[in-house]
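# Summary of structural features
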Amino acid sequence: MPTLLIKNADQLVTMDEDRREIPDGHVFCRDGIIECVGTDCPDNADEIVDARNCVVTPGLVNTHHHLYQTLTRVVPGGQDALLFGWLQTLYPIWAKFGPEEFFTSAQVGLAELALSGCTMSSDHLYLYPNGARLEDTIEAARTIGIRFHPTRGSMSIGESDGGLPPDSLVEREDDILNDSIRLIDAFHDPNPGSMLRIALAPCSPFSVSRELMRDAALLARDKGVMLHTHLAENDEDIAYSLEKFGCRPGQYAQDLGWTGDDVWHAHCVKLDASEIDLFARSKTGVAHCPCSNCRLGSGIAPVRQMRDAGVKVALGVDGSASNDAGHLLSEARQAMLLQRVQNGADAMSAREALEIATLGGAKVLGRDDCGSIEVGKRADIAIWDVSGLEAAGSWDAVAALVLCGPFNVRDLIVEGKHVVKAGVLTGVEIGKVIEKQNLLAEHLSQRV
């Protein structure tokens, strides 16, 4: 069984129960599993990585993304719109996508995540025009090499029925449920160390029926998979829920079986005190997307209140059409800054933000085998070179990761194998991927 030794880290950030930070730290891994953490690990291995002048952390975890949107960054007409107007601008463009667009945009988005320290990501894909399938993104993740939690998203209520998406992008609900069963049976791996897990993710209360939400929850629990959707994203979202359902989003979720430790909701910017209490009691998770929330003018999520109440909170970069970047440390920094703006300069530390970006993400995705550097956990590790310009002059190298950088990894290890080595992706030639992505974007803009 292959062995790996990471040695001489200036600081080894474990995120274990005691949140230990170990100077001159070592990590020894065998067959993708951590066997030793500390300063006295075996000194020989099949592969030895010298982490001198580096901070070593658990890999970052991204819990909300729309990877296909990397093909529609900074689209005119959507740059200065609120959520609903932004969606209405972009839906007609996304309707022109096909399998090639979904595959390539997912490659670009996942490459961006990997280079910035992410070892595990979810993806919320809820539209499937022109023959596209979830397999397009699954194959893209395989080429990059990070753990992947794709969600079988869906939309079933089009404009003609009072929904937001155009009718051309919605599906029959029976077809959605049947394809969900097919994907779970074909791809979902529930075992420890899994590289691929499927979740079910009807898009939002304003694009699917209550019946589909309820049926998806029943199916997910029958199959033992998780549930994900958008919830309480902005004031428009709250108003829609009150008008259409006669209740707030938290009550809507609870009534339809969408609370519990197998559920995580994206955004939750507008949760009130009673909904925060509901999520804490039910162990429901939240994917906090601060940069996207700012870009769309949605507001500041009550992360401090959620964390204090015991809600599981993680980070998500959201789609690159509403964020323009896919960089988790940027999300961690923005999350920290927004909580300080709202609650005071001591509202969130850099270390708490880093914890949310690592261990917090693993907990929300139900991965008790990941998220920290501990004996028995999977060897998902980020190595950050702090000897460069970004961190020059910093007195605290761990806090510097969130406050000033570096923002790209030197090395990224997933399941004990290099995904990024010396700053370069090992699975794909990124220049060719970027060239293809830009060509597709040009063709798409001409068609639009």
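Structural data are supplied above this passage.
Attention in this report is confined to the structure presented alongside it. (Residues numbered from 1 in each chain as written. Predicted model: local features only at pLDDT ≥ 70, side-chain atom pairs only at ≥ 80, totals over all residues. Heavy atoms only, no water.)

## Observations regarding the pairing of strand β5 (residues 54-58)
Our working definition: The classification of residues rests on relative accessible area computed with a 1.4 Å probe and restricted to protein chains. Under 20% of the type maximum is buried, over 50% is exposed, and intermediate values are partly exposed. Under the DSSP-based scheme used, a helix requires at least four consecutive residues in state H or I and a strand at least two consecutive residues in state E, with every element numbered from the N terminus. DSSP calls a pair of strands paired once it identifies at least 2 bridges connecting them.
Across the five residues that make up β5, a large majority, five, are buried. In terms of strand pairing, strand β1 (residues 3-13) meets β5 through two bridges, oriented parallel. Counterpart to Gln11 in the pairing with β5 is Val55.

## Here's the deal with unusual backbone geometry
That bond from Gly405 to Pro406 is cis: its omega, 15 degrees, falls within 30 degrees of zero. Note on placement: Pro406 falls in the loop between α13 (397-403) and β15 (411-414). The phi dihedral of Asn53 falls on the positive side, at around 65 degrees, and the residue is not glycine. Looking at the secondary structure, you find Asn53 in the loop between β4 (47-50) and β5. Assessed through its relative accessible area of 39%, Asn53 is described here as partly exposed.

## So, the pattern of salt bridges
Filter applied, for reference: Each salt bridge in this description consists of a side-chain nitrogen of Lys or Arg and a carboxyl oxygen of Asp or Glu lying within 4 Å of one another.
Taken as a whole and judged by the stated rule, the model has 35 salt bridges. Note that Arg73 is salt-bridged to Glu112, the shortest N-O span being 3.3 Å. You can see Arg73 sitting in the loop between β6 (60-62) and α1 (83-94) and its partner Glu112 sitting in helix α2 (residues 99-115), a full 39 residues away along the chain. What makes Glu112 partly exposed here is its relative accessible area of 22%. The closest approach of N and O atoms between Arg172 and Asp174, which form a salt bridge, is 3.9 Å.

## A word on the packing of aromatic side chains
Put simply, the rule is: The pairing test for Phe, Tyr and Trp rings, Trp by its six-membered ring, is centres within 6.5 Å, and the orientation test on the planes gives stacked under 30 degrees, edge-to-face over 60, and tilted for anything in between.
Under the definition given, this model contains 11 aromatic pairs. Relative to Trp94, the ring of Tyr68 has its centre 5.0 Å away and its plane inclined at 85 degrees; by these criteria the two rings are edge-to-face. Taken together, the positions of Tyr68 in the loop between β6 and α1 and Trp94 in helix α1 put the pair 26 residues apart, joining distant regions of the chain. Owing to a relative accessible area of 2%, Tyr68 belongs among the buried residues under this scheme. Look at Trp94 and you get buried, because its relative accessible area is 0%. Feature note: the residues Tyr68, Trp86, Tyr91, Trp94, Phe97, Phe102 and Tyr126 constitute an aromatic cluster, connected by ring pairs.

## Digging into the state of the cysteines
Going by this rule: Working definition: a disulfide is two cysteine sulfur atoms within 2.5 Å of each other.
The final tally for this structure, using the stated rule, is one disulfide. Paired through a disulfide, Cys36 and Cys41 show a sulfur-sulfur distance of 2.3 Å. Note on the Cys36 and Cys41 pair: the S-S dihedral is about -90 degrees, so by sign convention the disulfide is left-handed. For Cys41, a relative accessible area of 11% puts it in the buried group. Here Cys370 is not cross-linked by a disulfide; its sulfur's nearest cysteine counterpart is in Cys118, at 11 Å. For Cys370, a relative accessible area of 2% translates into the label buried.

## Notes on the nonpolar core
Taken as a class, soluble globular proteins show a tendency for nonpolar side chains to be buried jointly. The test is simple: Residues grouped as a nonpolar core are buried Ala, Val, Leu, Ile, Met, Phe, Trp, Tyr and Cys residues, joined through side-chain atoms within 4.5 Å. It only takes one pair of heavy atoms within 4.5 Å for two residues to be counted as in contact.
Residues Trp86, Leu87, Trp94, Tyr126, Trp258 and Met306 are the most contacted members of the largest nonpolar core, which totals 117 residues. Ignoring anything within four residues of it in the chain, the contact list for Trp86 reads Gln69, Gly78, Ala81, Trp94, Leu296, Ala321 and Ser322.

## What to know about α2
As a reminder of what qualifies: Each residue after the first adds 1.5 Å to the expected span of a helix.
Its 17 residues give α2 an end-to-end C-alpha distance of 24 Å, which sits within 8% of 24 Å, the value for a rise of 1.5 Å per residue. Across the 17 residues that make up α2, a large majority, 13, are buried. Trailing α2 by a residue or two, Gly117 shows a phi angle of about 100 degrees, which is positive.

## What about the environment of Met226?
Within the secondary structure, Met226 is located in strand β10 (residues 226-231). Sequence separation between Met226 and Val433 is 207 residues, and the spatial gap between their C-alpha atoms is 31 Å. Not counting the four nearest positions on each side in its chain, Met226 is found in contact with Ile198, Ala199, Leu200, Ala220, Asp261, Asp262, Val263, Trp264, Val364, Leu365 and Gly366.

So yeah, pure geometry; function would need other evidence.
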